[in-house]
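# Examination of the molecular architecture
Spelled out from the first residue to the last, the chains are:
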Amino acid sequence: MASPVSVYNSNVLDAHISSTSRESLKMELLADVTLLPGEERIIDKDIIYICPFSGAVKGKVLITNYRLYFKSSDADVAVTLDVPLGTISRVEKMGGVSSRGENSYGLDITCKDMRNLRFALKQEGHSRRDIFELLFKHAFPISHGLPLFAYVTQEKYEENGWSVYRPVEELRRQNYELCDTYPAVLAVPFKCKEEDLRRVASFRSRGRIPVLSWIHRENRAAIARCSQPLVGMSGKRNKDDERYLDLIRDANDTAKLTIYDARPNVNAVANKATGGGYEGDEYHNAELVFLDIHNIHVMRESLKKLKDIVYPNVEESHWLSSLESTHWLEHIKLVLSGAIQVADKVSSGNSVVVHCSDGWDRTAQLTSLAMLMLDSHYRTLKGLQVLIEKEWISFGHKFTSRIGHGDKNHADQDRSPIFVQFMDCVWQMSKQFPTAFEFNERLLLTILEHLYSCRFGTFLYNCESAREQNALRQKTVSLWSLVNSKTDVYLNPFYTPESGRVLYPVASMRHLELWVTYYIRWNPRIRQQQSPVEQRYLELLALRDEYIKKLEELRLSDSSRLADDSPGADTSSPSPASSPTRQRHYTHLHTPF
Amino acid sequence: MEFSEHIKTANVEDVVLQQPLHPPSKGTLCITSHHLLFSDREEDSGRQVLLLLRNIDAVEKSSVENLVNYFGLFPNAGRSDRATESSGTLVIKCKDLRVLQLEIPGMEQCLNIAQSIETLSCLACVAEMYPFFYRPSNASLRDQWGLSTPERHYTEMEALHERWRLSTVNQDYSVCPSYPPAVIVPKAIGDDALKMAAKFRQGGRFPVLCYYHRKNGMVILRSSQPLTGANRKRCIQDELLLQAAIEGSDKGYIIDTRSAQQAQQARMMGGGFESKSCYSSWKRLHRHMERGKTLQESLIKLVEACGDKSPNMDRWLSKLENSKWLSHVQTALSTAGLLAECVERDGRSVLVHGSEGTGSTLLISTLAQLIMDPSCRTLEGFLTLLEREFVQQECPVFLLLLDCVWQLWYQFPLALGFSEALLLRLATEAYSSDYGTFLCNSDMERCALQVKGKTHCLFRVLLKPREREQYTNPLYEPNELAIWPSVHPQSLQLWRGFFLRWTQQTLHLELVQEDIRNMVIEWGKLALS
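### With respect to the interface of chain B and chain A
- Taken together, the 51 residues of chain B in the interface contact 53 residues of chain A.
- Taken over both partners, the interface formed by chain B and chain A buries close to 4700 Å², and the fraction arising from carbon and sulfur atoms is 60%.
- For the chain B face of the interface with chain A, the top three residues by lost area are B:Leu317, B:Gln490 and B:Trp523, together amounting to 17%.
- Our count for the contact surface shared by chain B and chain A stands at two salt bridges.
- Close ionic contact of B:Arg315 with A:Glu324 constitutes a salt bridge, the shortest N to O distance being 3.7 Å.
- Counting the contacts that link chain B with chain A gives 22 residue pairs in polar contact (both at pLDDT 80 or more).
- Where the side of chain B that touches chain A is concerned, the elements lending two or more residues are helix H8 (292–307), helix H9 (316–323), helix H10 (325–345), helix H13 (396–411) and helix H20 (504–527) of chain B.
- Broken down by element, the residue count for the side of chain B that touches chain A peaks at 18 residues, all from H20(B).
- Considering only residue class, the side of chain B that touches chain A consists of 26 nonpolar, 17 polar and eight charged.

### With respect to the pairing of strand S11 (residues 219–222) of chain B
Residue and element names in this part refer to chain B.
- Of the two faces of S11, both are covered, the one formed by Val219 and Leu221 as well as the one formed by Ile220 and Arg222.
- Across four bridges, the pairing between strand S10 (residues 208–212) and S11 is antiparallel. What sits directly across from Leu209, in S11, is Leu221.
- Where S10 folds back onto S11 in an antiparallel hairpin, the turn is made up of six residues, including Gly217, whose phi is positive at roughly 75°.
- By the bridge criterion, three bridges tie S11 to strand S14 (residues 349–353) in an arrangement that is parallel. Within the sheet, the bridge partner assigned to Arg222 lies in S14 and is Val352.

### Structural notes on the sheet that holds strand S6 (residues 106–111) of chain A
Residue and element names in this part refer to chain A.
- Across the sheet, seven strands lie side by side as S4-S3-S2-S1-S7-S6-S5; this open sheet has antiparallel pairing. The sheet terminates laterally at strand S4 (80–84) and strand S5 (88–94), the two strands that pair on one side only. Across the sheet, the axes of successive neighbouring strands diverge by a mean angle of 30°, strand direction being ignored.
- Across two bridges, strand S1 (residues 41–51) lies against strand S7 (residues 116–120) in antiparallel orientation. From the neighbouring strand, Ile48 faces S7, where its bridge partner is Ala120.
- Helix H4 (residues 129–139) rests against S1, strand S2 (55–64), strand S3 (67–72), S5 and S6 of the sheet, and its axis sits at about 105° to S1.

### Focus on helix H17 (residues 441–453) of chain A
All names here are of chain A.
- Taking 1.5 Å of rise per residue, the 13 residues of H17 would be expected to cover 18 Å, and the 19 Å separating its terminal C-alpha atoms lies within 8% of that figure.
- Of all 13 residues in H17, ten are buried, a share of seventy percent or more.
- For H17, the full list of buried residues reads Leu443, Leu444, Leu445, Thr446, Ile447, Leu448, His450, Leu451, Tyr452 and Ser453.
- Its side-chain oxygen at 3.0 Å from the backbone nitrogen of Arg442, Asn440 defines the N-terminal cap of H17.
- Directly beyond the C-terminal end of H17, a positive phi value near 65° is found at Cys454.

### Details of the nonpolar core
- Ranked by internal contacts, the top residues of the largest apolar core, which has 221 residues, are A:Leu369, A:Ile388, A:Phe419, A:Tyr519, B:Leu426, B:Phe459 and B:Phe499.
- In terms of residue count, H13(B) provides more of this core than any other element does, twelve residues in total.
- Beyond its immediate chain neighbours, meaning those up to four positions away, B:Phe499 contacts B:Leu97, B:Leu299, B:Leu302, B:Cys306, B:Trp325, B:Leu399, B:Asp403 and B:Leu494.
- If you look at the next biggest cluster of nonpolar residues, it comprises 26 residues, including B:Leu36, B:Cys94, B:Leu102 and B:Ala114.

### Re the pattern of salt bridges
- Counted under the stated rule, the structure contains 57 salt bridges over all chains.
- One salt bridge in this structure joins A:Glu513 and B:Arg496, with 2.8 Å as the shortest N-O distance. With A:Glu513 in the loop between helix H20 (479–485) and helix H21 (516–519) and B:Arg496 in helix H19 (residues 496–499), the pair connects residues from two separate chains.
- Residue class for B:Arg496 comes out buried when judged on its relative accessible area of 14%.
- B:Arg201 is paired through a salt bridge with B:Glu274; the nearest N and O atoms lie 2.8 Å apart. Remark: B:Glu274 occurs in the loop between helix H7 (260–268) and strand S13 (282–286) and B:Arg201 occurs in the loop between helix H5 (191–199) and S10; sequence separation between them is 73 residues. Both residues of the pair, B:Arg201 and B:Glu274, belong to the buried class.
- Connected through shared salt-bridge partners, A:Glu389, A:Glu464, A:Arg467 and A:Arg473 make up one network.

### What to know about unusual backbone geometry
- The omega torsion across A:Tyr311 and A:Pro312 is 0°, close enough to zero to call that bond cis.
- Note that A:Pro312 resides in the loop between helix H10 (296–310) and helix H11 (319–326).
- With phi around 60°, B:Tyr173 is a residue other than glycine that occupies positive phi space.
- Judged by relative accessible area, B:Tyr173 falls into the buried class, the value being 13%.
- With a phi angle near 65°, B:Cys440 is a residue other than glycine that sits in the positive phi range.
- Along the chain, the position of B:Cys440 falls in the loop between helix H14 (420–429) and helix H15 (443–448).

### Topic: the sheet that holds S13(B)
Residues and elements named next belong to chain B.
- Taken in spatial order, the five strands of this open sheet run S10-S11-S14-S12-S13, and their pairing is mixed. Both outer strands of the open sheet, S10 and S13, are each paired with one neighbouring strand and no more. Shown here is a sheet whose adjacent strand axes are inclined to one another by a mean of 25°, direction ignored.
- Against the sheet, H10 engages S11, strand S12 (252–256), S13 and S14, with an angle of about 175° to S12.
- Each of S10, S11, S12 and S14 touches helix H11 (residues 360–372); the most contacted strand, S11, lies at about 165° to it.

### Here we look at empty space enclosed by the protein
- Within the structure shown, the criterion is met by five cavities of 30 Å³ or more.
- Taken as a whole, the largest cavity holds about 200 Å³ of empty space.
- In terms of lining residues, the largest cavity is bounded by 20 residues, among which B:Arg54, B:Met129, B:Ser432, B:Ser433 and B:Leu439 are the most central.
- Of the residues assigned to the lining of the largest cavity, the class counts are twelve nonpolar, five polar and three charged.
- Reported here for the second largest cavity is a volume of approximately 170 Å³.
- Looking at the second largest cavity, it is lined by 19 residues, and the ones nearest its centre are A:Leu320, A:Leu323, A:Leu514, B:Leu317 and B:Gln493.
- Only H11 of chain A together with H9 of chain B provide two or more residues apiece to the lining of the second largest cavity.

### A short note on the packing of aromatic side chains
- All told, the structure shown has 36 aromatic pairs over all chains when counted by the stated rule.
- Each ring, one from A:Tyr49 and one from A:Phe119, has its centre 5.5 Å from the other, and the planes form 45°; the classification is tilted. Residue A:Tyr49 is located in strand S1, and its partner A:Phe119 is located in strand S7; the two are separated by 70 residues in the primary sequence. For the residue pair A:Tyr49 and A:Phe119, the accessibility class agrees, reading buried in each case.
- Consider the rings of B:Tyr179 and B:Phe206, whose centres lie 5.4 Å apart with planes at 85°: the pair is edge-to-face. Taken together, the residues span a long stretch of sequence, with B:Tyr179 in the loop between strand S8 (164–167) and strand S9 (183–186) and B:Phe206 in the loop between H5 and S10 at a distance of 27 residues. Take B:Tyr179 and B:Phe206: they sit in the same class, and that class is buried.
- Across from the ring centre of A:Trp522, 3.5 Å away, lies the NZ or CZ of A:Arg115, which sits over that ring.
- Over the aromatic face of B:Trp484 sits the side chain of B:Arg345, whose NZ or CZ is 4.2 Å from the ring centroid.

How each quantity is defined
- Residues numbered from 1 in each chain as written.
- Chains lettered and ligands numbered in written order.
- Predicted model: local features only at pLDDT ≥ 70, side-chain atom pairs only at ≥ 80, totals over all residues.
- Heavy atoms only, no water.
- Contact = heavy atoms within 4.5 Å.
- Buried area = accessible area lost by both parts, 1.4 Å probe.
- Salt bridge = Lys/Arg side-chain N within 4 Å of Asp/Glu carboxyl O.
- Polar contact = N/O pair within 3.5 Å; in protein donor to acceptor, adjacent residues only side chain to side chain.
- Helix = DSSP H or I, 4+ residues; strand = E, 2+ residues; numbered from the N terminus.
- Nonpolar A, V, L, I, M, F, W, Y, C, P; charged D, E, K, R; others polar.
- Buried < 20%, exposed > 50% of the residue type's maximum accessible area, 1.4 Å probe, protein only.
- Pairing = 2+ DSSP bridges.
- Axes fitted to C-alpha atoms, helices over the stretch in contact; angles between N-to-C directions.
- Expected span 1.5 Å × (residues − 1).
- Core = buried A, V, L, I, M, F, W, Y, C linked by side-chain atoms within 4.5 Å.
- 1 Å grid on protein atoms, 1.4 Å probe; cavity = no way out; pocket = protein on both sides within 12 Å on 5 of 7 lines; lining within 4 Å.
- Points joined across faces, edges and corners; volume = space filled by probe spheres on them.
- Phe/Tyr/Trp six-rings, centres within 6.5 Å; stacked < 30°, edge-to-face > 60°.
- Lys NZ or Arg CZ within 6 Å of the ring centre and 35° of its normal.

And the structure:
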C-alpha cells in the first residue's frame, strides 16, 4: 500500500528518504510486532500518542485487521500500545483543522477495557482522514459488513479448545446417569411430553424453561435455571409450570424447593407490568427468596463510575469513599452472597431454581459461582473452561449484545460488564482461597483480554443457534486452544485439590478488595510486581514437578521392595493432589447469614 | 510479693468465656500476678486460654444479669444452677485486638476480678513486668542477648572506616540518655565537639550515622531538632559535624518530618531547624508526618471500625478512610521513599529529624533502609535493623512501621525474606511479651534494669531454627535492587491480617500461608536432594 505519510510529514528526514529506506525505518520501529497468521497491515503512520502518564509521545502507529499498535520513536520514553481492535468501543475525531493549542487535533478512542487512547496528528492536509476511516471500519467490522478477526485468523494450536466441553460427559462426571433419577428435567429436550413442555415454555420469558445446571453427587439436590414466569398484572397461573417445578423438588425428596429470584423485590414486582413477574403462593412446597442484585444498566453505570476514578488519573485524596460511591464492590458482594446462599442451600440437600428476568445475566453469575463453590472440578484449569462454556456460552449469555462485538453503536443499552463482574467474583474467591484454584490470575486476565479481542470464537454470538448458523466451531479457533497449548503460565503452583470441599467465600465489604491488577492495570505507577511473581511461580511449578517425580520414584522403589503389602500400591500415581502438604481439614467458613 | 495485694479473688468456677472463633465455654478462671488463665471444664476439650494481663487494654463491666443468655447457651444446664446469685459480665479488650467476654457468677467476685485486672495490667514499674519472671526450661539467662552491637555494626562496614569512627563519648549515657553507649560519627569530629553538638540538640540526640549506602558511599544520619530557639542560636560544632558528614560532596539534604510552619513554631519553644545561612551546604525538605496523639486517635478509629459487629456494615470504606490510618501509612512510605531517592538516585547524604527524633525519624530511616538495602530484607537483617533503630515500648509508630513493612511485603511478594506471620508476631510482642526485647525506651533504661541479664531476648528466639522456618517467606528471592513502593492509595491495602485478625477469614488465610510455606519447603527438600 502506498503510504501517504511522507506527503504530509513535516519530518524533513523522512520526507527525503526513499520509499525502501522508509520501509526499513518503519520495520525498525515496528519490528517487535509479531503479526498473527492471517493478520494484515492496513495502515501505519507517524503520530503522537497523548499518554496520560508520560505526556505527548512521538511514534508510529500500525493498524492491522486485528490490532492497533503504537511504539514511541524516542528511546527515552519507551511506550508501547498493543490494543486488539475488538477492544475499541468508540472512535471520535478530536478538534478541528482550526483548533488551537498543541496536539489538539487527532483521535479519541474509548476502549472497553478501562482505558481511553488519545492520538494527535498534524493539522495540515486532513492528515487524520485516512486513519480515522480505516480505523473506524476495522474496529467495527460488523457495522461495515466485514468479518470479525476470529474468522480471518489462520492460527493453529496443538490443542483443540472446542472439545473442552461435552455436555453429556459433563453430566456423567456429575454422576448423573442419563434417564435415571431425574428424567423430567434433563430429558426435557428429548423425551418429555412435547406438549407439556411447550406449555411450560409459553409461561417462561423467551421460552427459557427451567433446566438442570448441576446436581450434587451425594444428596442429589439440583440447581436449575430459567427465566421469570409470565405472571403479568393479572397474576396468571400455569399448572404445567407449577407441576414442573414440583418435579424438580421431588427429584431428591426434599420438602421445599427454594426459588432464588436474583432481582430486588421491587424490580420483580415492576416486571409484572411488562408481563413478567415471580412465583407466588400457588407454587406449593416452594419458597421464594429475592437476592437484591441489580440489573445490567446499574452494573454498566457502576463500572463507568469506577473507570472515572481510575483512568486516566487515579483519585488520590478521597479514594476509598469515591470507590464506595461507585458501588462496584457492593454489587460484587451481593452477587457473591447470592451465590453463597444458593450453594449453601444445595449443599444442605435442597434443590433450587435460580432466575432473574431473562435468565442469562444474573442467573448465569449465580449458578456458575455456586457451582464453583460446590464442585472442586470447576476450580481446575479445564473445569473453569467447562463452567464458562456451559453456564455462560451454551446457556446463552448474550456476549455479542453485552460486549458489542464489532459494532459501532457504543451507546447501546444492551452493553454491560456482567461477565467481567463474574470474573471479578472468581478473582475474589481465588484471593480468599489461595490454594483452592488450579489456575492463577493470569488466566482470568487472559480470558478478559480475549473477551473483547475477537481473535477467538469463544465469546462470539448470543446463543448456540447463532453459533451454528455461522459455523463458529468450524471456522474459528477457541480461546481454550491457546490456553491449553501452554498451560504452565496459567497454573497456580500452590494448588491443592480437595474434592468435596465446599468453598464459602466471605462476602463482606471488609474482606473484598478492588481488583487493582485488572481495573488499574494501565497505570504504570500502580502496577504491581506481576512479572517477577509469575516467573517465580513458573520456577515453583518446576520444583513441584520435580518433587512429584522424585516422590513417584521413591514410591516405585518402595512398592517393588514391599511388593504386595503396600496399601497404596494400586492407587493411581500421585497427582499434585496427593501429597505436597499435610492435609488440613478445615471447617467450612461460616457465611454471614 | 506485693502482687497478691491486688488479687482478692484468685479463682472463680463456672465462668463462661466467649472469645472470637470459638464457641462459648464454661470453666475456671484464675488470676495470677501476670496472667489471666481460663481452663475449660470439659476435660476432653482441654482448652486453656492464657493471657498476659499486660495484653489487656480495657475492661468493661456490666452488671446486667444475663441469665437468659446464659441458659440459652447451655440449654441442658440444671435447674439448680438457676439459683446462683446474679452474675456480672466483663468485656476484655486486648491490645492484640481480641475481645473476650467473661460471665462471672457473683457480683463481688466479678468486681474483684475486674479490679485485679485493671491494676495488674498497667503496672508502671518495668522491673515487675512478666519478662523478668519468665523462665522457660529450654533457655538460659546466660544465652546471648541481642543480635548485634554498635561496635559490630561498625566493624562490619569497612568501607566506612576511612571517614567515620566509633565514638564512646556516650559511654555512661551522660551526653545523650537515649543513645546507645557507642555511636558512629565523622572521623574529623572529636568527642568534645560531640558534647557541644549534643547540647545543641533536643535530648542530646546529636547527628549520628545510621546507614551507609554501599553503592555510592552516601549516608543517612539522624538526630533531634537543633535548639536554635527564638534568638536563632548557633552551634559551630554542630555545623562542623554536619559539614564533615558530607565532606567531598557539595550538598546534603535534611528531611524534617514536620511542616515548615511547625518547624518555625518550634523555635518559640526553644527548638528549631537548620537555617540556610548557617548550614549552607544543606537543603531542607519538610514533610509533615503525624505523631503521637493524632496517630493514636487514628488507630483507635480504625480499630473501632474493624470491630464494628453490626451486620449492616454500611459505609465501611468511608469509615476506613475517615480513620486516616492508611493515609499515615501513605505519608510514612512516601517520606521514606523520598529519603531513599535522595540517597540512591540523587547520590546525596541525608540528615533526618523531627522534634525529638525518636518517632517518625526512626520510622522513615528504618523504612528507607528496607527499600534500599537488600541485607535488611532477610529475617536476620530485618530483626537487626529493628534492634538497631527501633526498639521501643508500646508505641503506635511501631505498629505503623510494621504496617508499612507489610505493604512492602504485599507489593513485593518476593523481596522480603520473612513473612506476614513475623510481622504479626512482632505486633503482638511489642504490646505484651514474655521477652524483654520491647521493654524500656532506651539502652540506658535497659541497662539500669539489667534487662539483658534478667530477661530473654525475643529476636534470638525468633532466629532459632524451628522458629526461623516458621517465619520465612517461601517466595523469597534475594534482589540487589531497591524496592520502590507505590504509594498511591490504590496500591495500599488495609492490613487485614492484623486489623481483622480475629475473624474466620483471616485465621483461614494464616493457615493457608502456613501450608504454602510448608509445601515449598517440602518440595525443596526432596526435589533438590
